[in-house]
Structure formats: structure tokens, C-alpha cells
Amino acid sequence: MRTAKIVAASVLMTAALYGCSQPSEAQAPPAPSVTVAVPLVQAVQDWDEFTGRFEATQSVEVRARVGGYVSGVHFRDGDYVRRGQLLFSLDPRPAQAALASARAQLAQAQAQLALAQSELTRSETLLESQAVSQAEVDTRRGALQTAQAAIAAANANVRARQLDLEFTRVTAPISGRVSDRRVDAGNLVAGGSSAADVLTTVVSSAPIHFVFDGSEAVLLKYQRQARRGAAPIQVRLQDEADFTRSGTLDFTDNAVDTASGVIRLRAVIPNADGFLKPGMFGQARLAGSGSYQAMLVPDAAVATDQARRIVYVVAADGSVAPRPVQLGPLVDGLRVIRSGLQRTDRVIINGVQRIQQPGMKVTATNGQIRPVARAQTAPVTTIAPASSATFANSLSSGD
């Protein structure tokens, strides 16, 4: 009997210990914490970005207009020269001799003219007394006209030889920056044709052109906007973060290139300090539309759902719902949402990675969307080559 009691007590104790070892009923994990905020609404402006190259508004290859020996070089390589400034001088003595010969021929023609005039006068007097025939008078009159034509030819020859003498002074055809000299004093150069020796080159420095290619889609957009006048444009160099140089679009080509589907455009950029050089690459942006009110969210708040871009919004009961959105460019570190959101939607801006499935509950803490300071960010976009028909977009917030 005593043994039976001991066995029963052992069984009860074992059962009690087994019951204590079982886990308690599983509890649901706490809802994840996220930060939500309504979209930031502010005025923005669309920009179309292009890559292009700077070109001089004027560029001249300096050639001598007459041949001869170079007797002097009157500039330093790389100088800024004014239009009409003397650059090279050729030996003027052959031109001076040719001019003297032309003047002598003119004097001879003048003497022949005076003789022909006197002979005509004398023959007309004799004709009145019928001492000479009418044929003789006509001959004298023809000789006078021939002498007059010889005078005109001699005068033209003198002017031509005077030009040759002037052309021994090779001057700058435009104001601008001169290149290095291609010939030194003592060399014989050819002149007077497009095949003549190039002595140096001069390119204008201010203003300067910025030439780039735009896609047909960009052209259509601007034409449908019925733009008139010079459109403003902003340019930055490849080592600059901000668009600090401004100009105006002054030329659009008259046809689209059928091979590439692009059209050539040109802007004029002031260059008073001469810092911009022809041949430099640059990046330009052209206002694609007027200022408008846009909704912005942090770029990190945008998730990818297969081919869609979505943001998560939190309802009043704490449930999460995805919203497919159409994205715009970045503005001050924030992403423009073109469609898919309401201004009152509470968007998850922190903790998106904690969302495991739509409809789950979260603990939402209110936050605020603020633009990133401009000094800390710069518009960075992937720019297509100038010959491409696609271009990246960038935006700048309106003031």
C-alpha cells in the first residue's frame, strides 16, 4: 500500500514537471515601427539636359593674299589681337616695283590720250574746209576712244598693284585669340588662293557658341509649346557641379538628320573672361516646361515590384498598402511623383525594408519630408552622348 502511494506521488510529480516544461501559448510579434509623412508639395521646373561642345562664333585661317618672303612677325603666340592689327609683313619691294611700273603705264596712256585728242580736234577743223575726209575724222575719233579705254585699264592696274602692296601687310581679320605662328621670318609663302599657306589662325572668344544635338521628341515638344524668341539655357563644364553659366538658344537647324534622328541646336554664351575655349565639352539644360506644383518623396521611399515602381502608404488603422506611381526626376535629393499619390497619403519614408507583405499592420510615427540642402547635392544625371536620340532629365526647384 505504501509502495502504491509512492508510485502515485511520483507519477503526479512527473506530470507536474512535464506540464511546466511545455511553452506557453505563442504570442504575435509586435508591429514593426515605420516613419510616415505626407508628400512635400513645392514648385518645380522640368529641364532637358544635353551634352555638347563649345565653338567659336568666328574662326579664320590667316593666309597671305599675295605671295612673298616673310619679313616680320608682329605678335606673340596666343595673344589677343584686334581686328586690323598687323600680324605678318612680307617683303614689299616687288610690290612697290610693280606699282611703279603700273603708274608709268598710266602716264604713257595719258600721253596717248592727249595726242589722240589733239589729232581729233585738228582733223575736225580741216574737215570744215574739206581738207580731210570724213573717214579720216572717224579714224581719229576711234583712236581717242582707244586712248580713253587705255587710261581706264591703266588706272585699274594701278589700283591692283596698290592692293598688292597693301596685302604685304597681313592683318587680323577679326578680333580674338591668335594661335601660334606657322611660319617664321625669311620663309617664302604662297598667297592669293584657298590653297595658300596658313600663317596662323584667329578665333573669337566672346561670346562663344555651345552646339548640341536634340532628339526629334525634344524638337516636337518645343514646337508644340510654340516657343518664340531666344530660350534661356544654362551650361556647366565637365568638372563643375552647378550650372553657373547662362545664355540663350539662338539657332535651330532646318532639318532633322535622317541617319541619327537628331537636330542641331546652338546657344550663345557670354565669355567675357575668355575662360571657355572652342572644343571644350559641356553639359547644358534647357527649360522643358513652365513651373508647376509637384509632389516629392525621398528616393529611398520608392520600392520596386517587378516592373512597377511603388510606394507604401499607411491607412488610419495602421495597415500598409502599395501604391503604383509614375516617377519624375530628382529635385534637391527628393523624387518627383507624377501620378499615383494623393497629397494626404501617409507615405512610409523610413522602414520600407520592414514591410513584408501588403495589408500588414505597422506602428507609424509621423515625420516630415525636407529637401536636401543644395550646397550638399548637385544634379547628377546619366547623360546620353550628343549623337544619341535620348536624353536625361533634371529638375530645379522654383523659387
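It should be emphasised that the depicted structure is a prediction, and the values quoted were computed from it without experimental measurement.

### What about the packing of aromatic side chains?
Turning to step 1, where the next piece is worked out: The final tally for this structure, using the stated rule, is four aromatic pairs.
Turning to step 2, where the next piece is worked out: Ring-pair connections join several aromatic residues into one group, and the members of that group are F50, F54, F210 and F212.
Turning to step 3, where the next piece is worked out: Note that R285 overlies the ring of W47, its terminal NZ or CZ placed 4.5 Å from the centroid.

### Quick word on the side chain of T200
Turning to step 1, where the next piece is worked out: Residue position: T200 is located in strand β10 (residues 198-203).
Turning to step 2, where the next piece is worked out: With relative accessibility at 0%, the residue T200 sits in the buried group.
Turning to step 3, where the next piece is worked out: Here the side chain of T200 touches S179 through a polar contact of 3.4 Å, landing on its backbone oxygen.
Turning to step 4, where the next piece is worked out: Setting aside its immediate chain neighbours within four residues, T200 contacts V60, E61, V62, F75, L87, F88, V178, S179, D180, R181 and R182.

### Remarks on the sheet that holds strand β9 (residues 188-189)
Turning to step 1, where the next piece is worked out: Taking strand neighbours across the sheet as the criterion, the four strands line up as β7-β6-β4-β9 in an open arrangement whose pairing is antiparallel. Only two strands of the sheet have a single partner each, and these edge strands are β7 (169-171) and β9.
Turning to step 2, where the next piece is worked out: Of the strand pairs in this sheet, strand β6 (residues 86-90) and β7 are connected by three bridges, and their pairing is antiparallel. Paired with L86 across the strands is T171, a residue of β7.

### Observations concerning helix α4 (residues 216-224)
Turning to step 1, where the next piece is worked out: Among all positions of α4, only V218, L219 and Y222 are buried. Each buried residue of α4 sits inside an arc of 100 degrees when the element is viewed along its axis, so together they form one side. With respect to the buried face of α4, the exposed residues turned more than 90 degrees away are A217 and R224.
Turning to step 2, where the next piece is worked out: Residues of α4 that are buried make contact with β2 (40-56), β11 (208-215), β13 (245-252), β14 (262-269) and β15 (281-287).

### Looking at unusual backbone geometry
Turning to step 1, where the next piece is worked out: Backbone torsion omega between A206 and P207 reads -5 degrees, so that peptide bond is classified as cis.
Turning to step 2, where the next piece is worked out: Residues other than glycine seldom take positive phi values, yet Q306 does so here, at roughly 55 degrees.
Turning to step 3, where the next piece is worked out: Tracing the sequence through the fold places Q306 in the loop between β17 (303-305) and β18 (308-314).

Parameters at a glance
Residues numbered from 1 in each chain as written. Predicted model: local features only at pLDDT ≥ 70, side-chain atom pairs only at ≥ 80, totals over all residues. Heavy atoms only, no water. Phe/Tyr/Trp six-rings, centres within 6.5 Å; stacked < 30°, edge-to-face > 60°. Lys NZ or Arg CZ within 6 Å of the ring centre and 35° of its normal. Helix = DSSP H or I, 4+ residues; strand = E, 2+ residues; numbered from the N terminus. Buried < 20%, exposed > 50% of the residue type's maximum accessible area, 1.4 Å probe, protein only. Polar contact = N/O pair within 3.5 Å; in protein donor to acceptor, adjacent residues only side chain to side chain. Contact = heavy atoms within 4.5 Å. Pairing = 2+ DSSP bridges. Arc of directions from axis to C-beta.

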